[in-house]
Amino acid sequence: MMSDTTILQELNRAREAGYAVGAFNIFDYTSARAVVAAAEECGKPVILQTSVGTVTYYGARELAEMLRYLLKSAKVPAFLHLDHCRDVAFAKTCVDAGWDSVMIDASAQSIERNIAMTREAADYAHAHGVYVEGEIGVIEGVEEEIAADQGKHAEAAECFRFAQESRVDYLAPAIGTAHGVYTASPKLNFDLAERLGRELSQPIVLHGGTRLTEETFTRLISLGIAKVNVSTALKHAGIDGAQKYIREKPEEYNPLHFDESMYASLKEVVKRHILIFANGR
Ligand code: 13P
């Protein structure tokens with residue numbers, strides 16, 4: 001359906017009710033269909049997000065066109081979001097092409113520069129009815145073209161300043177989660193999440209959702225996290241589904257069956273996450 005709510009309204013609604021909206025990195029039409037179908041089966045709103053790499057691969061206009069019908073005809077509110085973008089001009093291109101929301105990741109810059117870049121994107125996006133996510137502190141790990149060897153936890157004072165001055169609609173504070181597969185159990189700053197959840201007017205976004213435990217998700221969501229990003233788990237699910245087809249039907253050469261195997265594997269993983277995120281207080 002054409003959602004009659006905005007992404008910000010959905011995040012605020014989730015925060016108030018104590019659940020989170022899943023934001024899943026899609027990379028092609030099969031993964032996009034799987035995410036929407038999973039959300040429909042769970043009856044939950046959902047965010048399809050695209051990395052800068054995915055947008056560059058297809059082209060912004062082509063990708064937006066490819067997804068338009070799927071998003072419009074979804075039986076749940078479904079939104080398109082640009083993940084980690086370091087280039088304000090690129091984010092503006094996605095705003096123009098029809099994205100509902102864009103993330104400016106200027107977390108590697110000084111706080112002043114981060115505020116200025118996020119604000120420039122926010123002013124442009126807001127004038128087009130589009131929302132903006134920002135990052136504060138540094139989230140460790142590799143998310144496609146965005147790599148940070150060392151994370152840096154956000155500081156509360158910086159988060160409050162950023163939230164006030166950047167005109168951001170929701171923000172991702174680095175609280176110790178990381179992109180990619182965890183090699184050790186992450187040390188999370190629950191106190192910071194709790195304080196930001198209580199005192200910030202904007203909803204909070206959790207990055208690095210792959211392989212966090214159900215208990216961690218539930219605890220963080222109860223503290224006010226309203227959007228949870230998952231990417232690596234989808235890449236694994238897609239490739240695992242493809243490998244399953246090749247293993248089980250080595251002689252078949254049917255591209256639709258190959259796609260179907262990826263789709264089934266992706267849908268199952270996305271559904272599992274949505275059901276965890278939906279478990280409200
Ligand atoms: P993972 O790849 O760890 O799931 O992180 C996803 C993410 O935060 C995208 O911004």
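How each quantity is defined
Residues numbered from 1 in each chain as written. Predicted model: local features only at pLDDT ≥ 70, side-chain atom pairs only at ≥ 80, totals over all residues. Heavy atoms only, no water. Helix = DSSP H or I, 4+ residues; strand = E, 2+ residues; numbered from the N terminus. Rg over C-alpha atoms; globule rule 2.2 N^0.38 Å. Contact = heavy atoms within 4.5 Å. Areas by Shrake-Rupley, 256 points an atom, 1.4 Å probe, with all protein chains shown as cover. Lys, Arg positive; Asp, Glu negative; His and termini not counted. Charge placed at Lys NZ, Arg CZ, Asp CG, Glu CD. Pairing = 2+ DSSP bridges. Core = buried A, V, L, I, M, F, W, Y, C linked by side-chain atoms within 4.5 Å. Buried < 20%, exposed > 50% of the residue type's maximum accessible area, 1.4 Å probe, protein only. Near = heavy atom within 4 Å. Polar contact = N/O pair within 3.5 Å; in protein donor to acceptor, adjacent residues only side chain to side chain. Nonpolar A, V, L, I, M, F, W, Y, C, P; charged D, E, K, R; others polar. Axes fitted to C-alpha atoms, helices over the stretch in contact; angles between N-to-C directions. Left-handed = near helix turned anticlockwise from the far one by under 90°. Salt bridge = Lys/Arg side-chain N within 4 Å of Asp/Glu carboxyl O. Arc of directions from axis to C-beta. Right-handed = clockwise from strand over helix to strand, strands pointing away.

Before going further, it helps to spend a moment on the overall build of the chain. Each helix and strand counted, the chain has eleven helices and eleven strands in total. Rg of the C-alpha trace for the chain: 18 Å, near the compact-globule value of 19 Å for 281 residues, within the 12% margin. Sequence separation of at least 24 residues holds for 71% of the intrachain contacts in the chain that already meet a minimum separation of 6. Carbon and sulfur atoms provide 50% of the accessible area of the chain, an area that totals close to 12,500 Å². Considering the chain, the positive charge centre built from 29 side chains and the negative charge centre built from 39 side chains are found 3 Å apart.

So, on to the sheet that holds strand S9 (residues 178-179). Strand pairing within a sheet occurs via backbone hydrogen bonds; the two strands may be parallel or antiparallel. Ordered in space as S7-S6-S9, the three strands form an open sheet in which the pairing is mixed. With partners counted over all chains shown, the strands left at the sheet margins are strand S7 (146-148) and S9, one partner each. Bridge count for strand S6 (residues 140-143) against S7 is three bridges, and the pairing is antiparallel. Bridging across to S7, Val142 finds its partner in Ala147.

Once that is clear, we can look at the nonpolar core. One finds Phe24, Leu48, Leu82, Trp99, Leu220, Val228 and Phe277 to be the most contacted residues of the largest nonpolar core, which totals 83 residues. Once you skip the residues sitting within four places of it in the chain, Val228 turns out to touch Ala20, Val21, Gly22, Ala23, Leu206, Phe217, Ile221 and Phe277.

Around the ligand sit 16 residues, and of these Asp83, Gly208, Thr210, Ser231 and Thr232 come closest. Gly180 has a polar backbone atom sitting 3.0 Å from an oxygen atom of the ligand. Protein contact buries 100% of the 300 Å² of open area that the ligand shows by itself. For the shell around the ligand, the secondary structure elements donating two or more residues are strand S3 (78-85), S9 and strand S11 (225-230). Split into classes, the residues belonging to the shell around the ligand amount to two nonpolar, twelve polar and two charged.

A few words on the pairing of strand S8 (residues 170-173). On a regular strand, one side chain projects to one face of the sheet and the next to the other, so that they alternate. Here S8 shows two buried faces, one formed by Tyr170 and Ala172 and the other by Leu171 and Pro173. Taken together, the four bridges between strand S5 (residues 131-136) and S8 define a ladder with parallel strand orientation. By the bridge assignment for S8, Gly134 is matched with Leu171.

With that out of the way, let us pick up the packing of helix H10 (residues 232-248) against helix H11 (residues 255-278). Look at H10 against H11: their axes get within 7 Å of each other, and the N-to-C directions meet at 145 degrees. At the point where H10 passes H11, the crossing takes the right-handed sense. Residues Ala233, Leu234, Ala237, Gly238, Asp240, Gly241, Ala242, Lys244, Tyr245 and Ile246 of H10 form the contact with H11, whose participating residues are His257, Phe258, Ser261, Met262, Ser265, Leu266, Val269, Val270 and His273.

With that settled, consider the pattern of salt bridges. Where charged atoms from two side chains of opposite charge come close, those side chains can pair. The tally for this structure, following the rule as stated, stands at 14 salt bridges. For Glu65, the salt bridge goes to Arg68, with nearest N and O atoms at 2.7 Å. Within this pair, Glu65 and its partner Arg68 are both found in helix H4 (residues 60-73), separated by three residues, close to a single helical turn. Classification of Glu65 as partly exposed rests on a relative accessible area of 49%. A salt bridge links Glu158 to Lys152; its shortest N-O distance comes to 4.0 Å. In the salt-bridge network here, residues are joined through shared partners; they are Glu194, Arg195, Arg198 and Glu199.

With that out of the way, let us pick up helix H9 (residues 214-222). The complete set of buried residues in H9 reads Thr216, Phe217, Leu220 and Ile221. Here the buried residues of H9 occupy an arc of 125 degrees about the axis, which is enough to place them on one side. Considering only its buried residues, H9 is in contact with helix H8 (190-199), strand S10 (204-206), S11 and H11.

Here we come to the pairing of strand S2 (residues 46-50). Most of S2 is tucked away, with five of its five residues classed as buried. The two faces of S2 match: Val46, Leu48 and Thr50 on one face and Ile47 and Gln49 on the other face are all buried. Two strands pair when backbone bridges link them, and strand S1 (residues 21-25) and S2 are joined in this way by four bridges, in the parallel orientation. Along S2, the bridge assignment pairs Phe24 with Leu48. Following the backbone out of S1, through helix H2 (residues 29-42) and into the adjacent parallel S2, one traces a crossover that is right-handed. One ladder, built from five bridges, connects S2 with S3; its direction is parallel. Bridged to Val46 within S3 is Ala78.

As far as function goes, none of this settles anything; it's purely spatial.
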